[in-house]
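Read off the chains here:
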Amino acid sequence: MRYNQLVTQYIKAVSGFFFYLLGVGFFTAYLLAFNGMGGAWPRWWMEISDLPLTLTACVYGGISLYLSILQPDKHSKIAAAVIGIPLFAVFLFSLALNFWDVL
C-alpha cells in the first residue's frame, strides 16, 4: 500500500471511532433528556457534541465514499474535490446554524 492510502485508512478509522463514540453519547443523552433523567447534563452534552459529531460524520462519510468509488492504488484529486466541497458546505451550514443568533 502507498503512504497516502495508509494515511487515508488511518484517518477513516480514527474518525469512525469518534463518530460512533459521539453518536452513542448523543443518543444516550437524548434518551436521558427525553425521560427527564440526568438534570441539565444531557441537554448540555447535546449542545456541545453536535458540531464534533457533524465534523466526524463528514470526514468518515467522505473518506468512505471516496474509497468506495476509486479503484485500488489510484488517487483522484477531482473525486476528492467533488466529495469534499459539498461535505465542507454541509459542515459550514451546521456551523452557521449553531452560532447564528438570528435562528
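Note: the structure precedes this text.
Residues numbered from 1 in each chain as written. Predicted model: local features only at pLDDT ≥ 70, side-chain atom pairs only at ≥ 80, totals over all residues. Heavy atoms only, no water.

Colleague: I tried to follow the environment of V24 on my own but got confused; where do I start?
Modeller: With respect to the secondary-structure elements, V24 resides in helix 1 (residues 3–34). The spacing of V24 and T54 is 30 residues in sequence and 13 Å in space, taken between C-alpha atoms. (Helix = DSSP H or I, 4+ residues; strand = E, 2+ residues; numbered from the N terminus.)

Colleague: So what exactly am I meant to see when it comes to the packing of helix 3 (residues 50–69) against helix 4 (residues 77–99) here?
Modeller: Geometry of a packed helix pair, given as the angle between the helix axes and the separation of the axes. Close contact between helix 3 and helix 4 brings their axes to 10 Å; oriented N to C, the two are set at 170°. Between helix 3 and helix 4, the angle is such that the two are roughly antiparallel. Taking contact as the criterion, the partners of D50, L51, T54, L55, C58, G62, L65, Y66 and I69 in helix 3 are, on helix 4, A79, A80, I83, L87, V90, F91, S94, L95, N98 and F99. (Axes fitted to C-alpha atoms, helices over the stretch in contact; angles between N-to-C directions. Parallel < 35°, antiparallel > 145°, perpendicular 65-115°, else oblique. Contact = heavy atoms within 4.5 Å.)

Colleague: For this particular structure, what's the right way to read a nonpolar patch on the surface?
Modeller: On the surface, Y3, V7, Y10, I11, L55 and V59 cluster together into a nonpolar patch covering about 580 Å² of accessible area. Residue assignment for the nonpolar patch shows that the elements contributing at least two residues are helix 1 and helix 3. Among the elements that take part in the nonpolar patch, helix 1 stands out by supplying four residues, more than any other. Topologically, Y3 is positioned in helix 1. For Y3, a relative accessible area of 64% translates into the label exposed. (Patch = residues over 30% accessible without salt bridge, like charges linked within 9 Å, V, L, I, M, F, W, Y side chains within 5 Å. Areas by Shrake-Rupley, 256 points an atom, 1.4 Å probe, with all protein chains shown as cover. Salt bridge = Lys/Arg side-chain N within 4 Å of Asp/Glu carboxyl O. Buried < 20%, exposed > 50% of the residue type's maximum accessible area, 1.4 Å probe, protein only.)

Colleague: Which parts of the structure should I look at to understand the packing of aromatic side chains?
Modeller: How two aromatic rings sit relative to each other is set out by the distance from centre to centre and by the angle between their planes. Per the counting criterion, the structure on display carries seven aromatic pairs. Their ring planes at 85° and their centres at 5.5 Å tell us that W41 and W44 sit as a pair that is edge-to-face. Remark: W44 and W41 occur in helix 2 (residues 41–48); sequence separation between them is three residues, near one turn of the helix. Its relative accessible area of 62% is what places W41 among the exposed residues. Residue classification places W44 among the partly exposed positions, given a relative accessible area of 43%. (Phe/Tyr/Trp six-rings, centres within 6.5 Å; stacked < 30°, edge-to-face > 60°.)

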